[in-house]
Amino acid sequence: MAGHNKWSKIKRKKGAADAKRSKVWARIARDIQVAAREGGGSPDMNARLALAVDKAKAENMPKDNIERAIKRGTGEIEGADYEELSYEGYAPGGIAVFVDALTDNANRTVADLRSLFLKAGGNLGTSGSVAFLFDQKAVFEIPADGLTEDDLFLLVADAGAEDLRREDDGEGGAVFVVEAPTEAFGDVQAALAGAGVEPAEAALQRIPTTTTALPPDDAAKVLRLLDQLDDHQDVQAVYSTLDVDDATLAALEG
């Protein structure tokens, strides 16, 4: 997992500089809309909506945009009807890929994703073909400055967290990564807030239960596919069983 996480962080930092803000906002707005539709328009009463709104604020999304997305979700103003779907498949090298999407046109989305998989030398599978290789978890990334691992462990363990580890943040610093069952997301979030600890990231993620390392050339093919999937307008998140170790990561960066 460490290598995969390292690549993910590098991609996020690299992408942050050249990604179109409008696309990022559109993705978050869809998430806000669906969260409001499913759980109501009050972030105080809807943990998923609160998380989406926090992401929007972190991306400097205007307040008016956030409010419009909420109202579209609750039906106060008209908007596209987005559907939550997931897609599963295999990338080159037998790497399992799980894709979360929000779409207003399922036929378009599945055709586009199937084409991306095929052009990359992989294939789009059936529902359940790779889902068993991932566990859904609540994941929090917390800057390590000013915190001790023991104190943080006691705080999050009491709230239901299962795992705590320290990782490099890719910028010379470190973060603590907390994993918890999805149902403990709100409790861990509340415990951190009560202690004045602000996560850099908080989300529900699919964590691979096993990973596979590939030679640099093969890993590069997989990463190109993951990037193309992640860039698709309907895709919210992409997960894979690819493990990029330090040597492979260095070769890819070079």
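Described below are features of the structure shown in this document. In this text, all values refer to a predicted model and were calculated from it rather than measured experimentally.

Scoring rules and cut-offs
Residues numbered from 1 in each chain as written. Predicted model: local features only at pLDDT ≥ 70, side-chain atom pairs only at ≥ 80, totals over all residues. Heavy atoms only, no water. Phe/Tyr/Trp six-rings, centres within 6.5 Å; stacked < 30°, edge-to-face > 60°. Helix = DSSP H or I, 4+ residues; strand = E, 2+ residues; numbered from the N terminus. Buried < 20%, exposed > 50% of the residue type's maximum accessible area, 1.4 Å probe, protein only. Pairing = 2+ DSSP bridges. Contact = heavy atoms within 4.5 Å. Axes fitted to C-alpha atoms, helices over the stretch in contact; angles between N-to-C directions.

Things to note about the packing of aromatic side chains
The geometry of two aromatic rings is summed up by the distance between their centres and the angle between their planes. Across all of its chains, the model carries two aromatic pairs by this definition. Centre to centre, the rings of Phe140 and Phe185 are 5.1 Å apart; their planes meet at 25 degrees, and the pair counts as stacked. With Phe140 in strand E4 (residues 134-143) and Phe185 in helix H7 (residues 185-194), this residue pair connects regions lying 45 residues apart in the sequence. This pair shows no difference in class: Phe140 is buried, exactly as Phe185 is.

What about the pairing of strand E1 (residues 83-91)?
Residues in a regular strand point their side chains to alternate faces of the sheet. Of the pairings in the sheet, the one linking E1 to strand E2 (residues 95-103) comprises nine bridges and is antiparallel in character. Within E2, the residue paired with Ala91 across the bridge is Ile95.

Here's the deal with the sheet that holds E2
As summarised here, the arrangement of the four strands in space is E3-E1-E2-E9, forming an open sheet in which the pairing is antiparallel. In the strand order of this sheet, the two ends are held by strand E3 (123-124) and strand E9 (235-240), each with one partner. Pairing geometry for E1 and E3, over two bridges, is antiparallel. Residue pairing for E3: Gly89 is matched across the bridge by Leu124. Relative to the sheet, helix H5 (residues 106-119) contacts E1, E2, E3 and E9, its axis offset from that of E1 by approximately 15 degrees. Where helix H8 (residues 216-231) meets the sheet, it contacts E1, E2 and E9, and its direction lies at approximately 160 degrees from that of E9.

Without other data, these values stay purely geometric and don't point to any function.
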